[in-house]
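Summary of structural features
Residue strings, one per chain:
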Amino acid sequence: MERSSRSEGYVLRGGRAGAERLRLLNRVKWPSTEPLLEAAGLRTGMRCLDVGCGGGDVTLKMAAMVGPEGHVVGVDRDQSILQLARREAEDQGLPVTFRRLEAEELAEASTYDLVFARYLLLHLPRPQRAVEAMVRAARPGGRLVLEDVYFPGHYCYPPSAAFDRFVELYQAVARAKEGGTRRSGCACWGWRSRPGWWRYASGSSCPPSARARASW
Ligand SMILES: C[S@@+](CC[C@H](N)C(=O)[O-])C[C@H]1O[C@@H](n2cnc3c(N)ncnc32)[C@H](O)[C@@H]1O
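The sections below set out a description of the structure shown in this document.

Rules behind the numbers
- Residues numbered from 1 in each chain as written.
- Predicted model: local features only at pLDDT ≥ 70, side-chain atom pairs only at ≥ 80, totals over all residues.
- Helix = DSSP H or I, 4+ residues; strand = E, 2+ residues; numbered from the N terminus.
- Buried ≥ 20, exposed ≤ 12 C-beta atoms within 10 Å, placed from the backbone.
- Contact = placed C-beta atoms within 7 Å.
- Near = placed C-beta within 6 Å.
- Nonpolar A, V, L, I, M, F, W, Y, C, P; charged D, E, K, R; others polar.
- Axes fitted to C-alpha atoms, helices over the stretch in contact; angles between N-to-C directions.
- Parallel < 35°, antiparallel > 145°, perpendicular 65-115°, else oblique.
- Left-handed = near helix turned anticlockwise from the far one by under 90°.
- Expected span 1.5 Å × (residues − 1).
- Pairing = 2+ DSSP bridges.

Another aspect to go through is the overall build of the protein chain. Each helix and strand in the protein chain was counted, giving seven helices and five strands. Secondary structure of the protein chain in N-to-C order comes out as α-β-α-β-α-β-β-α-β-α-α-α. Burial analysis of the protein chain (216 residues in total) assigns 33% to the buried set. Intrachain contacts of the protein chain at a sequence separation of at least 6 include 76% that bridge at least 24 residues.

Okay, structure coming up:
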């Protein structure tokens, strides 16, 4: 029997604690997310969608990039994190719309110049369905930008048994709560031949730890 994404738990904490964790994630990831969005052609005046936007860290950066002539919509299943995102948008004076939505229930068609999702697919029991909905939401000639993770690829040097155990446990708990796999970062390479996907580019990045960065 298929598992419904609505009835699935979410393996991480949402709300305020979740928003704080995501802010830290964005500090580490923005240096690779920003060039990815630029390479995908994000520019002034575009209409964009951020699916599984969390606290809106990327949504707000995108809003600043598209400027007042563009518009960005952020959607997430977590109402409490969306409230925090709305407040942050107000504080920054950015015209962003945040809506509660299950990724698979995205029903808009041919609406956005660019559709984006970061670290969403690994939490979904049927990531391809969400990706298909995102492809439909993009206008003809629009862009779909997916940034995700291949969780088994985490490593620690020097080796740490505790870290290896964390990687193993996280995947086991997430599998039990969410279904799906934690491998979507690589799995989406295999979806490129879907009808309607015209041009495809992929890459990988490995953010260094804060300690390694400080020693450069
Ligand atoms: C790891 S966070 C990433 C947040 C944001 N994209 C970022 O990079 O900062 C994953 C987000 O996906 C949301 N999420 C999980 N399952 C979802 C679903 N089925 N539909 C919509 N959002 C979902 C969670 O509430 C959470 O905010």
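Okay, back to it.
Turning our attention to the environment of glycine 14. In this structure, glycine 14 sits in the segment before helix H1 (15-39). When the C-alpha positions of glycine 14 and leucine 82 are compared, they lie 9.9 Å apart, and in sequence the two are 68 residues distant. Apart from the residues within four sequence positions on either side, glycine 14 is in contact with Asp78, Ser80 and Ile81.

With that out of the way, let us pick up the site of the ligand. For the ligand, the set of nearby residues contains 22 residues, the closest of which are Gly52, Gly54, Asp78, Ala103 and Arg118. Those elements giving two or more residues to the shell around the ligand turn out to be H1 and helix H2 (57-66). With three residues, the single largest contributor to the shell around the ligand is H1. Among the residues making up the shell around the ligand, the classes are represented as ten nonpolar, six polar and six charged.

This part takes up the packing of H1 against helix H3 (residues 79-92). Two elements in contact, H1 and H3, have axes separated by 8 Å at closest approach and are oriented at 60°. Relative to H3, the element H1 lies oblique. Crossing of H1 against H3: the hand is right-handed. Counting all contacts with H1, which are made through Gly15, Arg16, Gly18 and Ala19, the residues of H3 involved are Ser80, Ile81 and Leu84. Looking at the contact of H1 with H3 residue by residue, the class counts come to three nonpolar, three polar and one charged.

The amide bond that connects tyrosine 157 to the next residue, proline 158, takes the cis arrangement and shows omega of 0°. With respect to the secondary-structure elements, proline 158 resides in the loop between strand E5 (138-147) and helix H5 (161-178). One non-glycine residue, serine 110, lies in positive phi territory at about 50°.

Axes are the key here: two packed helices are described by the angle between their axes and the distance separating the axes. Packing of H1 against H2 brings their axes to within 10 Å, and their N-to-C directions diverge by 40°. On the basis of the axis angle, H1 is oblique to H2. Judged by the sense of rotation from one axis to the other, the crossing of H1 with H2 is right-handed. Within the contact between the two elements, H1 uses Leu22, Arg23, Asn26, Trp30, Thr33 and Leu37 and H2 uses Asp57, Val58, Lys61 and Met62.

In this model, H3 (14 residues) spans 20 Å end to end at C-alpha, consistent with the 20 Å of a helix rising 1.5 Å per residue. Buried residues belonging to H3 abut H1, H2, strand E2 (71-76) and strand E3 (96-100). Once H3 finishes, glycine 93 follows within two positions and takes phi at roughly 65°, a positive value.

Our next topic: the sheet that holds E2. Read across the sheet, five strands follow the order E3-E2-E1-E4-E5 without closing on themselves; strand pairing throughout is parallel. Sheet topology places E3 and E5 at the edges, where each strand pairs with a single neighbour. Between one strand axis and the next, the sheet turns by 20° as a mean value, whatever way the strands run. Here three bridges tie strand E1 (residues 47-51) to strand E4 (residues 112-118), and the two strands are oriented parallel to one another. By the bridge assignment for E4, leucine 49 is matched with valine 115.

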